[in-house]
Amino acid sequence: DFDGDAIPDIAVGAGFDDDGGNDHGAIWILLLNEDGSVRSQHEINDVTGGFEGNLDEADVFGRSIASLGDLDGDGVTDLAVGSPQDDDGGNDRGAIWILFLHSDATVKSFQKISSTKGGFGKGLADGVWFGIAVTSLGDLDGDGITDIASSALFDDGGAVWILFLNENGTVKGKTKIMGSSFGRTFFFGEAIANVGDVDGDGNVDLGVTDFGDNDGGDEKGALWLLFLTPAGTVSRSQKISAKAGGFTGNLHRLDHLGSAVTSIGDLNGDGTPDIVVGADLDDDGGTNRGALWILFLRPDGTVLDHRRISDSHGGFGGILADEDRFGRSVAAIGDLDGDLVTELAVGAIFEDAGGADRGAVWNLFLEGVPVTTTTLPHACGNGVRESTEECDDGGNAGDDGCSAACQCEPAARGDLAEGCDCFDVCGDPSVPLGTVTAVDAAFILRASVGSEQCSVCVCDLDASAAVTAADALLAVRRSTGLWTVLSCSPAQ
């Protein structure tokens, strides 16, 4: 929620924008209405939006984007933007730009990360396209500062770099993950995403796609789930493809499963994060119209169930044309319509509305989908917060913060120790319970320095027994979808 109106907003890349020069690239910050339409927009490129970075021809700035939350602590969301054909240090080595933003969506300052800037150091070769995908990892190493991952698609079959950041956006340390360590890879790192803590070990996990994977047929595609450690190394991996990971969806030759990936939180309420994967060359309804696959995961990273959204599946209802490539990008954008289910923004890069190949974004309003392949004990008191509940502490007693009807009791609204995802009353009571906004984060930040009064019970989100700036950071992450915990205990 960039502008504080309690409605999520999105940033969209236009890597082939020609403002300032051929394929210099651009991004658009789109401030949304509740119905998913655009209320206002702000472009950032090397000639507008206050960005004074030096872009060159074919840098393709905006090929990837990630929200970093408030990296510099000024109360405004910051962005990481990929420019995979940047030539710092050599031809097409790639770069990432960290953009520190003003509240009017212009650039306040920036930090470039490349072979020659931002403390990255050695490790990138010519032609690897570092920055083709980027995602926030939250605070992976526990130093209170957001960390990121970015891929280098053409580094010997693909590689992913885990970058531990300083508050100013420079690199404090890095870890490289080679796709070849998991077997033969083709385009490992075409898309990457923080998929939440799938295995429940307290660390976020990473989804990495390889749409060129040939399991079951030429370029049907695949996804790798990498279970991370705080050091950025991989403790275990799980492949999902036409032949692995329990996925039974009907993929065809050249579907390119893995054109995009995002976490959607726990859509089915079973306690495990779920993911969305694009297949932008899927031929449902016509040639290369594209599709999305919603994958409901088990804690081991295998697929419990799936749903397909395309021209002819999943109730989409939109009009796609041949070669639109719906699903080329995808992002979870939070709850626009207040039904406590996350919505999706889906890119169709060759949509022709207004002119050839101008591109489009589809905002999809989803329903929580029940899992049909297993029986889950959905009921108040089962310890799983469902869409009809404000809280669920695993019991049916009252006067303990969570009522017998699974509603937050007034004295404990905001107390995550009781499973209440309701702390928005702390600063922004105008939005539905369970909706966390930047207003809440700002309130908690003021409370941490004594400018507002907010009890530890309500505002101590990290269970440190004090209200600090770290709690405000958690609220920022929740408001932007980067922290998707719906209920937790003080130990967590």
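Each chain carries its own residue numbering, running from 1 in the direction its sequence is written. Local features are withheld for residues below a pLDDT of 70 in this predicted model, meaning they are given only at 70 or higher, and side-chain atom pairs are given and counted only at 80 or more; totals for whole chains, interfaces and linings count all residues. Only hydrogens and water are removed before side-chain values are computed, so all heavy atoms of the structure are retained for them.

A. Region of the structure containing the overall build of the chain. In terms of regular secondary structure, the chain is built from three helices and 22 strands. Considering the chain as a whole, with its 492 residues, one finds that 55% of them fall into the buried category. Should any heavy atoms of two residues lie within 4.5 Å, those residues are counted as being in contact. Restricting the contact set of the chain to residue pairs at least 6 apart, pairs at least 24 apart contribute 49%. Here the open area of atoms and residues is found with the Shrake-Rupley method and a 1.4 Å probe, where only the protein chains shown may cover a residue. Split by element, the accessible area of the chain, about 18300 Å² in all, is 49% carbon and sulfur. Helix and strand definitions here come from DSSP, where helices need a minimum of 4 consecutive H or I residues and strands a minimum of 2 consecutive E residues; each element is numbered from the N-terminal end. Relative accessibility decides the category of a residue: with a 1.4 Å probe and only protein chains considered, values under 20% of the type maximum give buried, values over 50% give exposed, and everything between is partly exposed.

B. Focus on the packing of aromatic side chains. Each Phe, Tyr or Trp ring, with Trp reduced to its six-membered ring, pairs with another whose centre is within 6.5 Å; inter-plane angles below 30 degrees give stacked pairs, above 60 give edge-to-face pairs, and intermediate values give tilted ones. By the definition in use, this model includes 14 aromatic pairs. Ring geometry for Phe182 and Phe188: centres 5.9 Å apart, planes at 35°, overall tilted. Residue Phe188 is classed as buried on the basis of its relative accessible area, which comes to 0%. Both rings, one in Phe316 and one in Trp362, keep their centres 5.0 Å apart while their planes meet at 70°; by these two values the pair is edge-to-face. Here the residue Phe316 occupies a position in the loop between β19 (303-310) and β20 (326-332), and Trp362 occupies one in strand β22 (residues 360-364), the gap between them amounting to 46 residues. By relative accessible area, Trp362 is classed as partly exposed at 23%. One aromatic cluster is present, formed by Phe51, Phe61, Trp97 and Phe110 through successive ring pairs. Criterion for a charge above a ring: Lys NZ or Arg CZ within 6 Å of the ring centre, and within 35 degrees of the ring normal. Its end group placed over the ring of Phe227, Arg236 keeps NZ or CZ at 4.1 Å from the ring centre.

C. Fine view of the nonpolar core. Buried Ala, Val, Leu, Ile, Met, Phe, Trp, Tyr and Cys residues that are joined via side-chain atoms within 4.5 Å together make up what is termed a nonpolar core. Among the nonpolar cores identified, the biggest contains 20 residues, and Ile96, Ile98, Ile113, Phe130, Ile148, Leu163 and Leu165 are the most heavily contacted of them. Secondary-structure elements contributing two or more residues to this core are β6 (95-101), β8 (130-138), β9 (147-152) and β10 (159-165). Ignoring any residue separated from it by four or fewer positions in sequence, one finds Ile98 in contact with Leu68, Leu71, Leu79, Ala80, Ser109, Phe110, Gln111, Ile113, Ile148 and Gly169. Listed in part, the 19 residues of the second largest apolar core include Val198, Leu251, Val261 and Leu297.

D. Spatial organisation of the pattern of salt bridges. For this analysis, a salt bridge means a side-chain nitrogen from Lys or Arg found within 4 Å of a carboxyl oxygen belonging to Asp or Glu. Enumeration according to the criterion identifies 23 salt bridges in this entry. Arg325 is the partner of Asp280 in a salt bridge, and the nearest nitrogen-oxygen pair spans 2.7 Å. Of this pair, Asp280 sits in the loop between β17 (274-279) and β18 (291-297) while Arg325 sits in the loop between β19 and β20, and the two are 45 residues apart along the sequence. The exposure class of Asp280 is buried, given its relative accessible area of 1%. Through salt bridges with shared partners, a single ionic network connects Arg63, Glu190, Asp280, Arg325 and Arg328.

E. Quick look at the side chain of Ser83. Relative to the assigned elements, Ser83 resides in strand β5 (residues 79-83). The term polar contact refers here to a pair of N or O atoms within 3.5 Å; inside protein, the definition further demands a hydrogen-donor-capable atom paired with an acceptor-capable atom, and it admits residues adjacent in sequence only when both atoms are side-chain atoms. A distance of 2.9 Å separates the side chain of Ser83 from the backbone oxygen of Asp59, its partner in a polar contact. Those residues in contact with Ser83, other than ones at most four positions away along the chain, are Asp59, Val60, Phe61, Gly94, Ala95, Trp97, Phe130 and Gly131.

F. A look at unusual backbone geometry. Positioned with a positive phi, Glu219 is a non-glycine residue whose angle comes to about 50°. Relative to the helices and strands, Glu219 is located in the loop between β13 (205-210) and β14 (222-228). Of note in this structure, Asn288 is not a glycine but carries a positive phi near 55°. With respect to the element layout, Asn288 can be found in the loop between β17 and β18.

G. Summary view of the sheet that holds strand β21 (residues 344-348). Read across the sheet, three strands follow the order β20-β21-β22 without closing on themselves; strand pairing throughout is antiparallel. Unpaired on one side and paired on the other, β20 and β22 mark the two borders of the sheet. Neighbour-to-neighbour, the strand axes of the sheet open up by a mean angle of 25°, direction not taken into account. We treat two strands as partners when DSSP finds at least two bridges between them. Where β21 and β22 come together, five bridges link them in antiparallel fashion. Bridge pairing in β22 links Leu344 to Leu364. Between N-to-C directions, angles cover 0 to 180 degrees, with each direction set by a line fitted to C-alpha atoms, over the stretch in contact for helices.

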